[in-house]
Amino acid sequence: MKAFEDEVETALATDIEALVGKGVFGDGDFEAVEQAARIAALQAANGLVAHHINADHSDMQGARLACDHGHDARYAGRRSRTVTTVLGPMTLVRAWYHCRTCNAGFAPRDRDLGIDAGPLSPGVLRMVGYAAGEYSFATSSKMIDVMAALRIDAKTVERHAEALGREVAEDERNVVEPEPMDARTLYVGLDGTGIPVRKSETAGRKGKQADGLAKTREVKLASVWSAERCDPKTGRPVRDPGSASHSAAIESIASRDTDPESSQFAKRILRELKRRGFYRAERRVIIGDGAAWIWNFASEHLPGAIQIVDIFHVRQHLFDIAKAIYGPGTDMATAWGTRMCDQLDRPGGVDIVIAEIERSPVCNKAVAYFRNNCNRMRYAKFRKQGLCVSSGVVEGACKSVIGKRLKQGGMHWTVQGANAIIALRCAFANNRFDDFWERRAARRVA
Ligand SMILES: [Zn+2]
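Quick caveat, the model's predicted, so the values are computed rather than measured. Numbers given to residues run from 1 along each chain, matching the order in which its sequence is written. A pLDDT threshold of at least 70 governs which residues receive local features in this predicted model, and a stricter bar of 80 or more applies before side-chain atom pairs are shown or counted, although totals over entire chains, interfaces and linings include all residues.

J.: Account for the packing of helix H11 (residues 349-359) against helix H12 (residues 364-373), naming residues and giving values.
T.: Where helices are involved, their axes are fitted lines through C-alpha atoms of the stretch in contact, as for all axes, and angles between N-to-C directions lie from 0 to 180°. Strands are runs of DSSP state E lasting at least 2 residues, helices are runs of H or I lasting at least 4, and numbering of each runs from the N terminus. At their nearest, the axes of H11 and H12 sit 10 Å apart, and the two run at 165 degrees to each other. Between H11 and H12, the angle falls in the class roughly antiparallel. Crossing angle aside, the handedness with which H11 passes H12 is left-handed. Taken together, the residues of H12 that come into contact with H11 (itself represented by Val-353, Ile-354, Ile-357 and Glu-358) are Ala-366, Val-367, Phe-370 and Arg-371. Charged residues are taken to be Asp, Glu, Lys and Arg, nonpolar residues to be Ala, Val, Leu, Ile, Met, Phe, Trp, Tyr, Cys and Pro, and polar residues to be all remaining types, Gly included. Considering only residue class, the contact of H11 with H12 consists of six nonpolar, no polar and two charged. Small angles under 35 degrees read as roughly parallel and large ones over 145 as roughly antiparallel, with 65 to 115 read as roughly perpendicular and the rest as oblique. Here a crossing is taken to be left-handed if its near helix is turned anticlockwise relative to the far helix by less than a right angle, and right-handed if that turn runs clockwise. Contact between two residues is assigned whenever their backbone-derived C-beta positions fall within 7 Å.

J.: An account of the domain arrangement of the protein is requested, with residue identities and associated values reported.
T.: An automatic or database domain assignment provides the domain bounds reported here. When the domains of the protein are assigned, the result is domain 1 (2-55), domain 2 (56-119), domain 3 (124-174 + 418-446) and domain 4 (185-400). A C-alpha centroid distance of 59 Å is found between domain 1 and domain 4.

J.: Give a description of the environment of Gly-123 that names residues and reports values.
T.: If you trace the backbone, Gly-123 turns up in helix H4 (residues 122-134). With 36 residues separating them along the chain, Gly-123 and Leu-87 place their C-alpha atoms 9.5 Å apart.

J.: Explain helix H15 (residues 415-429) to me, and be specific about the residues and the numbers.
T.: Here the expected length of a helix is defined as 1.5 Å per residue gap, with one fewer gap than residues. Its 15 residues give H15 an end-to-end C-alpha distance of 21 Å, which sits within 8% of 21 Å, the value for a rise of 1.5 Å per residue. Burial runs high along H15: eleven of the 15 residues are buried. With C-beta atoms placed from the backbone, the exposure class of a residue follows from how many other C-beta atoms lie within 10 Å of its own: 20 or more, buried; 12 or fewer, exposed; in between, partly exposed. All of the buried residues along H15 are Gly-417, Ala-418, Asn-419, Ala-420, Ile-421, Ile-422, Ala-423, Leu-424, Arg-425, Cys-426 and Ala-427. Remark: Asn-431 follows H15 within two positions and exhibits a positive phi of approximately 55 degrees.

J.: Please set out helix H8 (residues 292-301) residue by residue, giving values where relevant.
T.: Every buried residue of H8 is listed here: Ile-294, Phe-297 and Ala-298. Each buried residue of H8 lies within a common arc of 100 degrees when the element is viewed along its axis, so the set occupies one face. Away from its buried face by more than 90 degrees, H8 exposes Ala-292, Ser-299 and Glu-300. Considering only its buried residues, H8 is in contact with strand E5 (185-196), helix H7 (264-276), strand E10 (283-288) and strand E11 (306-309). Here, the arc refers to the directions that run from the helix axis to the C-beta atoms.

J.: Please set out the pairing of E10 residue by residue, giving values where relevant.
T.: The sheet contact formed by E5 and E10 spans six bridges and is parallel. Within E10, the position partnered with Gly-189 by the bridge is Ile-287. Sheet topology places E10 next to E11; four bridges connect them, and they run parallel. Pairing of Val-285 across the sheet is with Ile-306, part of E11. Classification remark: right-handed applies to a crossover when, strands pointing away from the viewer, the course from the first strand over the helix to the second runs clockwise. One crossover worth recording links E10 to the parallel E11 by way of H8, and it is right-handed. Whether two strands pair comes down to DSSP finding at least two bridges between them.

J.: How would you explain the sheet that holds strand E4 (residues 104-106) if you had to name every residue and give the values?
T.: Pairing is antiparallel in the open sheet, where four strands are placed in the order E1-E2-E3-E4. Each edge of the open sheet is held by one strand with a lone partner, namely strand E1 (64-66) and E4. Each strand axis lies, on average, 45 degrees off the axis of its neighbour in the sheet, ignoring direction. Direction of pairing for strand E3 (residues 88-99) relative to E4: antiparallel, over a ladder of three bridges. The residue of E4 that forms the bridge with Tyr-97 is Phe-106.

J.: Outline the packing of helix H10 (residues 331-344) against H11, supporting the account with residue identities and numerical values.
T.: When two helices pack together, their arrangement is given by the angle between the helix axes and by the axis-to-axis distance. At a minimum axis separation of 7 Å, H10 and H11 run at an interaxial angle of 150 degrees. Between H10 and H11, the angle is such that the two are roughly antiparallel. Contacts between H10 and H11 involve Met-340, Gln-343 and Leu-344 from the first element and Gly-349, Val-350, Ile-352, Val-353 and Glu-356 from the second. Each residue belonging to the contact of H10 with H11 can be placed in one class, and the counts come to five nonpolar, two polar and one charged.

J.: Which residues make up the environment of Leu-125, and what are the values?
T.: Relative to the elements of secondary structure, Leu-125 occurs in helix H4. Between the alpha carbons of Leu-125 and Thr-84 there is a distance of 9.3 Å; along the sequence they are 41 residues apart. Discounting chain neighbours no more than four positions away, the residues touching Leu-125 are Leu-120, His-160 and Leu-164.

J.: Which residues make up unusual backbone geometry, and what values do they have?
T.: Even without being a glycine, Asn-103 presents a positive backbone phi close to 50 degrees. In this fold, Asn-103 is placed in the loop between E3 and E4. Residue Ala-149 is not a glycine yet carries a positive backbone phi of 55 degrees.

J.: Help me get a handle on the pairing of strand E2 (residues 72-85), residues and values and all.
T.: In the sheet, E1 pairs with E2 via three bridges, with the strands oriented antiparallel. Across the sheet, Leu-65 pairs through a bridge with Ala-73, a residue of E2. Taken together, E1 and the strand that follows it, E2, pair antiparallel across an intervening segment of five residues, in which Gly-70 is found at a positive phi of about 85 degrees. As judged from the ten bridges shared by E2 and E3, these two strands associate in the antiparallel manner. Note that in E3 the partner of Thr-84 across the bridge is Pro-89. Here E2 folds back onto E3, and the loop between the two strands holds two residues.

Right under this line is the structure:
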């Protein structure tokens, strides 16, 4: 082994000597030199690692070995396979067993190395996950090439990033580890945002397009955060840095009374609340826009939580009503809208706002919105209690966690693909990816 290592070292030294040793700096393109030296170093390391692994025949575990299905598989010699590693394509020669019953073969070493599921090493798969969580598959492919000197085409990035995302999603469903919680008040904000999907994913769904068909599917998102500090200028609570976590998916929230189980998205929210210690918080608050599913969820699953409609949605609503009464862009509309918004901030103000709306010639829908939500609009009372009255955190997450990656031009997602990438992005945003990765590696050893 020593001789081989010396040989590699000498070869690398010679390569690098050839690149920089002959005074090529003067007219040189330093980038060409550094890139070539990197390739030489990677190749040398690649050769050494492969040499060590291939010289170790401990993966030959006798003439017979049980396959995954418990059958008797027979040793069939050593076979080579090339996998993509952070050191470049690496050819490994492993003990091969063949199962006649399954009519398939396997290499025990592939499982040990974490390359049984695909041709990417764990190190490369992590790169692919990080890149594709942040950038389009095409950009990820390019970035991995530029940064890691690895050629992985966009389609391969897509396939493996989505497979990894599905693992993350599965892990999220199965592992609910309570995290430290020291806030007096915890907030959960719920919201939805549409992402562009393939035609096949919206078949039979009503949409907002001119032809009445949907071109998007709604990603529902739950954010949990605390806001124990106050802005010294306004005296109003602001989100504690690093306190927000997010969980999102294209999932249904509706469950009929006859369904024995909660809906997928309800279960998702509950897992996140459990993780965050929501039930241990002295005060629990749920914030959203006026969407009925949010309050249905709250009354069914979070009795005792304070329900608040995001104040900015309500203000927007008031200005929309003002436009409907007085005409868009008129001074009257602005004056009425402003007066109503001021009223909203006062104790008992929402009752006056409702009375004003009822006296005006507006549609019943607007009246119903305010009537149904009036107890969720007692902003003066909420503020006196030191509570947040805005769902800015979850709306920000709709943009940063979902929109930034999934709503780019020309994208057409499958529901499965979108949910995989969303799972990855949530894991990154919540700083939980590394824990997932550790569990993943531990499962392989087990
Ligand atoms: Zn078998």
